[in-house]
Amino acid sequence: MAGAIFENFCIQETIKAIFNYGKNVNVFYIRTHNGLEVDMLIEAEKQIFPVEFKLTKSPNFTMGESIRRFRNLFSQLPVAPGRIISLCEENIPLSRDFSVQRFDDYLSWLKNI
């Protein structure tokens, strides 16, 4: 249950940050019939930012598979590179499709979207 609780916490903090920063953005969740699931989609600046939340200090490339699949499946949309939000100690660019971001840096990023 720890992973689900962490995801829930991150979603709540995202919504609070968006509200407190006065941002006018849309927030979605997606799960398709073929099993593709992305924890959060943030629509801002005429772009869609896919976000995954992972309770780990050592994220890896496979954790971004759903972001990569989403970007490929919806390539006709303005999908920005995604973010994997974790408990890591530093931000890590993993591929052109997604990067790992510290939770605090993610909340700061929300201020600028």
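The structure reproduced in this document is the subject of the present report. (Residues numbered from 1 in each chain as written. Predicted model: local features only at pLDDT ≥ 70, side-chain atom pairs only at ≥ 80, totals over all residues. Heavy atoms only, no water.)

**Points about the side chain of Thr14**
Checked against the element boundaries, Thr14 lands in helix α1 (residues 2-20). Beyond its immediate chain neighbours, meaning those up to four positions away, Thr14 contacts Met40, Ile42, Phe53, Tyr106 and Leu110. (Helix = DSSP H or I, 4+ residues; strand = E, 2+ residues; numbered from the N terminus. Contact = heavy atoms within 4.5 Å.)

**Description of the environment of Glu89**
Along the chain, the position of Glu89 falls in the loop between β4 (82-86) and β5 (92-93). Judged by its relative accessible area of 68%, Glu89 is exposed. Separated by 31 residues in sequence, Glu89 and Ser58 have C-alpha atoms that sit 9.0 Å apart. Apart from the residues lying within four places of it in its own chain, the contact partners of Glu89 are Lys57 and Arg102. (Buried < 20%, exposed > 50% of the residue type's maximum accessible area, 1.4 Å probe, protein only.)

**What to know about the pattern of salt bridges**
Tallied over the full model, the rule gives seven salt bridges. Ionic contacts of the salt-bridge type, sharing partners, join the residues Arg71, Arg96 and Asp97 into one network. (Salt bridge = Lys/Arg side-chain N within 4 Å of Asp/Glu carboxyl O.)

**Observations regarding the packing of α1 against helix α3 (residues 103-111)**
When two helices pack together, their arrangement is captured by the angle between the axes and the distance separating the axes. Remark: α1 packs on α3, axes separated minimally by 9 Å, with the N-to-C direction vectors making an angle of 30°. The orientation of α1 with respect to α3, classified from their angle, is roughly parallel. As α1 packs across α3, the resulting crossing turns out to be right-handed. Of the residues in α3, those in contact with Phe9, Cys10, Glu13, Thr14, Ala17 and Ile18 of α1 are Phe103, Tyr106, Leu107 and Leu110. When the residues that make up the contact of α1 with α3 are grouped by side-chain class, the tally is eight nonpolar, one polar and one charged. (Axes fitted to C-alpha atoms, helices over the stretch in contact; angles between N-to-C directions. Parallel < 35°, antiparallel > 145°, perpendicular 65-115°, else oblique. Left-handed = near helix turned anticlockwise from the far one by under 90°. Nonpolar A, V, L, I, M, F, W, Y, C, P; charged D, E, K, R; others polar.)

**Regarding the packing of aromatic side chains**
Summed over all chains, the structure comprises seven aromatic pairs. On the basis of an interplanar angle of 40° and a centroid distance of 4.9 Å, the ring pair of Phe70 and Phe74 is categorised as tilted. Residue classification places Phe70 among the buried residues on the basis of a relative accessible area of 2%. The interplanar angle of 25° and the centroid separation of 6.0 Å between the aromatic rings of Tyr106 and Trp109 together place this pair among those described as stacked. (Phe/Tyr/Trp six-rings, centres within 6.5 Å; stacked < 30°, edge-to-face > 60°.)

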